[in-house]
Amino acid sequence: MGGIYEACASLLRHISSDCGLCGGRARGGALCPPCQGSVTYSMRHGGARCGRCGLALGGLAVCPDCSLRPPAFERVIAAFDYAYPGDVLIHHLKAGRRYASAGMLAGLLHAAVRAAEPPLPDDTLLLPVPSSRAAVLQRGFNPAAEVARALARRLQLEYRPGLVLRRREGRRQAHLSRADRLRSVHALYHCPQPLQGAKVAVVDDVLTTGSTLHGMAAALKEAGAATVTGLVLARTPYSAHR
Ligand SMILES: [Zn+2]
Ligand SMILES: [Zn+2]
(Lines give C-alpha, C1' and ligand atoms only; values in the text may rest on other atoms or scores of the structure.)
(Ligands and ions follow the chains in the order given, each with its own letter.)
Protein backbone atom coordinates (compact mmCIF):
# COMPACT_ATOMS: atom_id res chain seq x y z
CA MET A 1 0.00 0.00 0.00
CA GLY A 2 2.71 2.43 1.08
CA GLY A 3 4.78 1.36 -1.95
CA ILE A 4 2.00 2.10 -4.42
CA TYR A 5 1.30 5.42 -2.72
CA GLU A 6 4.97 6.36 -2.85
CA ALA A 7 5.21 5.41 -6.53
CA CYS A 8 2.15 7.52 -7.42
CA ALA A 9 3.34 10.39 -5.23
CA SER A 10 6.75 10.48 -6.88
CA LEU A 11 5.14 10.50 -10.34
CA LEU A 12 2.82 13.34 -9.33
CA ARG A 13 5.74 15.38 -8.02
CA HIS A 14 7.01 15.76 -11.59
CA ILE A 15 3.77 16.96 -13.16
CA SER A 16 3.79 20.70 -13.79
CA SER A 17 1.25 22.82 -11.91
CA ASP A 18 0.66 26.43 -10.85
CA CYS A 19 2.31 27.77 -7.71
CA GLY A 20 -0.41 28.35 -5.07
CA LEU A 21 1.11 31.71 -4.15
CA CYS A 22 2.42 33.50 -7.28
CA GLY A 23 0.69 31.44 -9.97
CA GLY A 24 4.05 30.76 -11.64
CA ARG A 25 5.41 27.41 -12.78
CA ALA A 26 5.72 24.73 -10.13
CA ARG A 27 5.65 20.96 -9.89
CA GLY A 28 3.33 18.43 -8.29
CA GLY A 29 1.03 20.99 -6.64
CA ALA A 30 3.89 22.39 -4.53
CA LEU A 31 4.89 26.05 -4.33
CA CYS A 32 7.52 27.22 -6.80
CA PRO A 33 11.00 27.14 -5.20
CA PRO A 34 11.28 30.96 -4.69
CA CYS A 35 7.85 31.12 -2.96
CA GLN A 36 8.70 28.09 -0.81
CA GLY A 37 11.95 29.83 0.12
CA SER A 38 10.20 33.05 1.14
CA VAL A 39 7.40 31.31 3.11
CA THR A 40 9.92 29.32 5.18
CA TYR A 41 12.65 32.01 5.32
CA SER A 42 12.02 33.11 8.93
CA MET A 43 12.19 29.48 10.14
CA ARG A 44 15.76 29.30 8.87
CA HIS A 45 16.89 32.86 9.62
CA GLY A 46 14.58 34.08 12.39
CA GLY A 47 16.95 33.42 15.31
CA ALA A 48 16.44 31.36 18.49
CA ARG A 49 13.08 29.78 19.28
CA CYS A 50 11.51 28.28 22.38
CA GLY A 51 12.35 24.56 22.33
CA ARG A 52 8.86 23.79 23.55
CA CYS A 53 6.32 26.02 21.78
CA GLY A 54 8.39 27.15 18.79
CA LEU A 55 7.96 30.85 19.56
CA ALA A 56 10.62 33.06 17.94
CA LEU A 57 12.29 34.59 21.01
CA GLY A 58 13.51 37.76 19.32
CA GLY A 59 16.33 38.34 21.80
CA LEU A 60 14.47 37.19 24.94
CA ALA A 61 16.45 34.75 27.11
CA VAL A 62 13.48 32.52 27.99
CA CYS A 63 10.04 31.93 26.51
CA PRO A 64 7.59 34.34 28.19
CA ASP A 65 4.78 31.75 27.94
CA CYS A 66 6.42 28.39 28.73
CA SER A 67 8.61 29.73 31.57
CA LEU A 68 5.53 31.11 33.35
CA ARG A 69 3.17 28.20 32.78
CA PRO A 70 4.70 25.06 31.17
CA PRO A 71 2.23 23.54 28.68
CA ALA A 72 1.26 19.83 28.65
CA PHE A 73 2.96 19.23 25.26
CA GLU A 74 6.69 18.54 24.81
CA ARG A 75 7.45 20.38 21.60
CA VAL A 76 6.10 22.03 18.48
CA ILE A 77 7.29 21.66 14.90
CA ALA A 78 6.05 24.48 12.65
CA ALA A 79 6.42 24.79 8.88
CA PHE A 80 6.48 28.62 8.78
CA ASP A 81 5.62 31.76 10.72
CA TYR A 82 2.09 33.17 10.57
CA ALA A 83 3.16 36.29 8.71
CA TYR A 84 3.22 37.39 5.08
CA PRO A 85 3.42 35.47 2.75
CA GLY A 86 2.69 32.24 4.70
CA ASP A 87 -0.51 33.71 6.18
CA VAL A 88 -1.96 33.91 2.65
CA LEU A 89 -1.67 30.11 2.36
CA ILE A 90 -3.62 29.66 5.63
CA HIS A 91 -6.35 31.98 4.32
CA HIS A 92 -6.55 29.92 1.11
CA LEU A 93 -6.90 26.70 3.11
CA LYS A 94 -9.61 28.08 5.38
CA ALA A 95 -11.45 29.81 2.57
CA GLY A 96 -12.12 26.45 0.99
CA ARG A 97 -9.32 25.98 -1.52
CA ARG A 98 -8.59 22.86 0.44
CA TYR A 99 -7.96 20.36 -2.35
CA ALA A 100 -5.25 22.56 -3.82
CA SER A 101 -3.95 23.76 -0.45
CA ALA A 102 -4.04 20.83 1.99
CA GLY A 103 -1.63 18.59 0.08
CA MET A 104 0.80 21.44 -0.60
CA LEU A 105 0.70 22.61 3.03
CA ALA A 106 1.16 19.01 4.25
CA GLY A 107 4.24 18.95 2.01
CA LEU A 108 5.69 22.03 3.75
CA LEU A 109 4.97 20.52 7.18
CA HIS A 110 6.41 17.19 6.03
CA ALA A 111 9.69 18.93 5.16
CA ALA A 112 9.77 20.63 8.60
CA VAL A 113 9.12 17.32 10.40
CA ARG A 114 11.81 15.55 8.38
CA ALA A 115 14.32 18.27 9.28
CA ALA A 116 13.44 18.28 13.01
CA GLU A 117 15.89 17.03 15.62
CA PRO A 118 15.32 14.68 17.38
CA PRO A 119 13.21 12.92 14.70
CA LEU A 120 9.56 12.09 15.29
CA PRO A 121 9.39 8.37 16.32
CA ASP A 122 8.02 5.93 13.69
CA ASP A 123 5.30 4.69 16.06
CA THR A 124 3.80 8.15 16.59
CA LEU A 125 -0.01 8.32 16.34
CA LEU A 126 -1.19 11.34 14.36
CA LEU A 127 -4.49 13.19 14.70
CA PRO A 128 -5.92 16.65 13.96
CA VAL A 129 -7.40 19.07 16.50
CA PRO A 130 -11.12 18.30 16.17
CA SER A 131 -12.98 21.40 15.04
CA SER A 132 -16.16 22.64 16.65
CA ARG A 133 -19.49 21.62 15.16
CA ALA A 134 -20.18 25.25 14.34
CA ALA A 135 -16.92 25.59 12.41
CA VAL A 136 -17.55 22.40 10.40
CA LEU A 137 -21.09 23.54 9.60
CA GLN A 138 -19.79 26.89 8.43
CA ARG A 139 -16.91 25.59 6.27
CA GLY A 140 -18.10 22.08 5.51
CA PHE A 141 -14.73 20.64 6.52
CA ASN A 142 -11.99 20.74 9.16
CA PRO A 143 -8.83 22.31 7.63
CA ALA A 144 -6.56 20.66 10.25
CA ALA A 145 -7.98 17.23 9.39
CA GLU A 146 -7.36 17.70 5.65
CA VAL A 147 -3.70 18.50 6.35
CA ALA A 148 -3.31 15.77 9.00
CA ARG A 149 -4.58 13.04 6.69
CA ALA A 150 -2.18 14.04 3.91
CA LEU A 151 0.70 14.38 6.38
CA ALA A 152 0.06 10.93 7.93
CA ARG A 153 0.29 9.42 4.43
CA ARG A 154 3.54 11.20 3.67
CA LEU A 155 5.12 10.29 7.01
CA GLN A 156 3.55 6.79 6.97
CA LEU A 157 2.25 7.29 10.49
CA GLU A 158 -0.97 5.82 11.89
CA TYR A 159 -3.83 8.32 11.41
CA ARG A 160 -6.20 8.30 14.42
CA PRO A 161 -8.69 11.18 14.02
CA GLY A 162 -11.09 9.87 16.70
CA LEU A 163 -8.52 9.67 19.49
CA VAL A 164 -9.64 12.92 21.12
CA LEU A 165 -13.21 14.20 21.22
CA ARG A 166 -14.61 17.65 21.92
CA ARG A 167 -16.87 17.61 24.95
CA ARG A 168 -18.92 20.72 24.23
CA GLU A 169 -18.76 23.91 22.25
CA GLY A 170 -16.18 26.22 23.77
CA ARG A 171 -16.68 29.91 24.29
CA ARG A 172 -15.29 32.11 21.55
CA GLN A 173 -11.67 32.72 22.47
CA ALA A 174 -10.97 35.93 20.61
CA HIS A 175 -11.39 38.31 23.54
CA LEU A 176 -10.17 36.06 26.37
CA SER A 177 -6.75 36.59 27.98
CA ARG A 178 -4.19 33.80 27.62
CA ALA A 179 -4.84 32.58 31.20
CA ASP A 180 -8.59 32.47 30.55
CA ARG A 181 -8.04 30.58 27.29
CA LEU A 182 -5.96 27.95 29.08
CA ARG A 183 -8.75 27.49 31.63
CA SER A 184 -11.52 27.40 29.03
CA VAL A 185 -9.88 24.58 27.00
CA HIS A 186 -9.00 22.45 30.02
CA ALA A 187 -12.28 20.53 30.04
CA LEU A 188 -12.98 20.86 26.32
CA TYR A 189 -11.18 17.75 25.05
CA HIS A 190 -11.24 14.19 26.29
CA CYS A 191 -9.69 10.93 25.22
CA PRO A 192 -12.13 8.00 25.59
CA GLN A 193 -9.55 5.20 25.44
CA PRO A 194 -6.38 4.34 27.39
CA LEU A 195 -3.15 5.28 25.59
CA GLN A 196 -0.51 3.75 27.84
CA GLY A 197 2.88 5.12 26.81
CA ALA A 198 1.72 6.25 23.34
CA LYS A 199 3.62 8.90 21.40
CA VAL A 200 1.12 11.28 19.85
CA ALA A 201 1.37 14.15 17.36
CA VAL A 202 -1.45 16.68 17.06
CA VAL A 203 -1.89 18.63 13.81
CA ASP A 204 -3.31 22.16 13.75
CA ASP A 205 -3.26 24.97 11.20
CA VAL A 206 -2.08 27.89 13.36
CA LEU A 207 -0.55 27.92 16.84
CA THR A 208 -1.21 31.22 18.58
CA THR A 209 -1.34 31.07 22.40
CA GLY A 210 -0.87 27.29 22.46
CA SER A 211 -4.02 26.91 24.58
CA THR A 212 -5.73 24.51 22.15
CA LEU A 213 -2.67 22.27 21.88
CA HIS A 214 -2.28 22.42 25.67
CA GLY A 215 -5.90 21.27 26.14
CA MET A 216 -5.42 18.41 23.65
CA ALA A 217 -2.14 17.37 25.27
CA ALA A 218 -3.65 17.45 28.77
CA ALA A 219 -6.45 15.08 27.64
CA LEU A 220 -3.96 12.74 25.92
CA LYS A 221 -1.65 12.72 28.96
CA GLU A 222 -4.60 11.97 31.26
CA ALA A 223 -5.27 8.89 29.10
CA GLY A 224 -1.64 7.79 29.51
CA ALA A 225 0.16 9.26 26.47
CA ALA A 226 3.91 9.52 27.05
CA THR A 227 4.64 12.45 24.74
CA VAL A 228 2.63 14.96 22.73
CA THR A 229 4.15 16.92 19.84
CA GLY A 230 2.34 19.72 18.04
CA LEU A 231 2.72 19.76 14.25
CA VAL A 232 1.48 23.14 13.03
CA LEU A 233 1.53 24.84 9.68
CA ALA A 234 2.08 28.31 11.09
CA ARG A 235 3.42 29.76 14.34
CA THR A 236 2.18 33.21 15.32
CA PRO A 237 5.04 35.57 16.17
CA TYR A 238 5.16 37.02 19.70
CA SER A 239 4.01 40.56 18.98
CA ALA A 240 0.84 39.42 17.23
CA HIS A 241 -0.62 37.19 19.93
CA ARG A 242 -0.99 39.42 23.01
ZN1 LIG B 1 5.48 30.94 -6.56
ZN1 LIG C 1 7.55 28.50 24.70
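Please refer to the structure placed before this passage.
What counts, and at which threshold
- Residues numbered from 1 in each chain as written.
- Chains lettered and ligands numbered in written order.
- Predicted model: local features only at pLDDT ≥ 70, side-chain atom pairs only at ≥ 80, totals over all residues.
- Heavy atoms only, no water.
- Donors = N, O, S within 2.8 Å, 3.2 Å for Na, K, Ca; no water.
- Tetrahedral: all angles 85-135°; square planar, octahedral: opposite > 155°, others 65-115°.
- Helix = DSSP H or I, 4+ residues; strand = E, 2+ residues; numbered from the N terminus.
- Buried < 20%, exposed > 50% of the residue type's maximum accessible area, 1.4 Å probe, protein only.
- Expected span 1.5 Å × (residues − 1).
- Contact = heavy atoms within 4.5 Å.
- Core = buried A, V, L, I, M, F, W, Y, C linked by side-chain atoms within 4.5 Å.
- Domains from an automatic or database assignment.
- 1 Å grid on protein atoms, 1.4 Å probe; cavity = no way out; pocket = protein on both sides within 12 Å on 5 of 7 lines; lining within 4 Å.
- Points joined across faces, edges and corners; volume = space filled by probe spheres on them.
- Nonpolar A, V, L, I, M, F, W, Y, C, P; charged D, E, K, R; others polar.
- Pairing = 2+ DSSP bridges.
- Axes fitted to C-alpha atoms, helices over the stretch in contact; angles between N-to-C directions.

**Student:** Kindly report on the coordination of the zinc ion (ligand 2), identifying the contributing residues and their values.
**Tutor:** Protein ligation of the zinc ion (ligand 2) involves Cys50 (SG), Cys53 (SG), Cys63 (SG) and Cys66 (SG), the donor distances falling in the range 2.3 Å. For the zinc ion (ligand 2), the four donor atoms in the first shell make angles of 106 to 113 degrees at the metal, a pattern classed as tetrahedral. Sequence positions of the donors to the zinc ion (ligand 2) reduce to the motif C-x2-C-x9-C-x2-C. A residue pair is termed long-range when its members are at least 10 positions apart, and cysteine 53 in the loop between helix H3 (41–45) and strand E3 (75–81) and cysteine 66 in the loop between H3 and E3 qualify at 13 residues. Comparing cysteine 53 with cysteine 66 shows no difference in burial state: the two are buried.

**Student:** Account for helix H9 (residues 211–222), with residues named and values stated.
**Tutor:** Between its first and last C-alpha atoms H9 spans 16 Å; for 12 residues at 1.5 Å apiece the expected length is 16 Å, and the two agree. Across the 12 residues that make up H9, a large majority, nine, are buried. The complete set of buried residues in H9 reads Ser211, Leu213, His214, Gly215, Met216, Ala217, Ala218, Ala219 and Leu220.

**Student:** Report on the coordination of the zinc ion (ligand 1), specifying residues and quantitative values.
**Tutor:** Ideal geometry at a metal gives 109.5 degrees between four tetrahedral donors and either 90 or 180 degrees between six octahedral ones. Around the zinc ion (ligand 1), the protein supplies Cys19 (SG), Cys22 (SG), Cys32 (SG) and Cys35 (SG) as donor atoms, at distances of 2.3 Å. Angles of 102 to 114 degrees at the metal separate the four donor atoms of the zinc ion (ligand 1), which places the site in the tetrahedral class. Binding-site remark: the zinc ion (ligand 1) is held by donors from one chain whose sequence spacing is C-x2-C-x9-C-x2-C. On the basis of relative accessible area, cysteine 22 is assigned to the partly exposed category, the value being 49%.

**Student:** So what about the environment of proline 143? Which residues, and what values?
**Tutor:** Positionally, proline 143 belongs in helix H7 (residues 143–155). For proline 143, a relative accessible area of 3% gives the class buried. Along the primary structure proline 143 and lysine 94 are separated by 49 residues, whereas in three dimensions their C-alpha atoms are 6.2 Å apart. Aside from chain neighbours lying at most four places away, what touches proline 143 is Leu93, Lys94 and Asp205.

**Student:** Help me get a handle on the nonpolar core, residues and values and all.
**Tutor:** Counting residues in each nonpolar core, the largest one holds 36 residues, and the members touching the most others are Phe80, Leu108, Leu109, Leu126 and Leu231. For this core, the elements supplying multiple residues, two or more each, are helix H2 (33–39), E3, helix H4 (86–94), helix H5 (98–115), H7, strand E8 (199–207) and strand E9 (227–235). At eight residues, H5 tops the list of elements feeding residues into this core. Here this core gathers at least three residues from each of two domains, domain 1 (1–39) and domain 2 (49–241). Ignoring anything within four residues of it in the chain, the contact list for leucine 108 reads Leu31, Gln36, Val39, Ala79, Phe80 and Leu89. One finds Leu57, Cys63, Ala218 and Ala225 within the second-largest nonpolar core, a separate group that totals 33 residues.

**Student:** Residue-level account of empty space enclosed by the protein, with values.
**Tutor:** Summed over all chains, the structure comprises one cavity of 30 Å³ or more. In this structure, the largest cavity spans a volume of roughly 50 Å³. What lines the largest cavity is a set of 12 residues, among which Pro71, Phe73, Arg178, Thr209 and Gly210 lie closest to the centre. For the lining of the largest cavity, the per-class residue count stands at five nonpolar, four polar and three charged.

**Student:** Break down the sheet that holds strand E4 (residues 125–128) for me, with residues and values.
**Tutor:** Judged by pairing direction, the sheet is parallel, and its five strands sit side by side in the order E3-E9-E8-E4-E5 without closing on themselves. Edge strands, defined here as strands with exactly one partner in the open sheet, are E3 and strand E5 (158–159). Here E4 pairs with E8 via four bridges, running parallel. Bridge pairing in E8 places leucine 126 opposite alanine 201. Sheet strands touched by H4: E3, E8 and E9. Its angle to E3, the strand with the most contacts, is close to 100 degrees. Along the sheet, H7 contacts E4, E5, E8 and E9; its crossing angle with E4, the most-contacted strand, is approximately 160 degrees.

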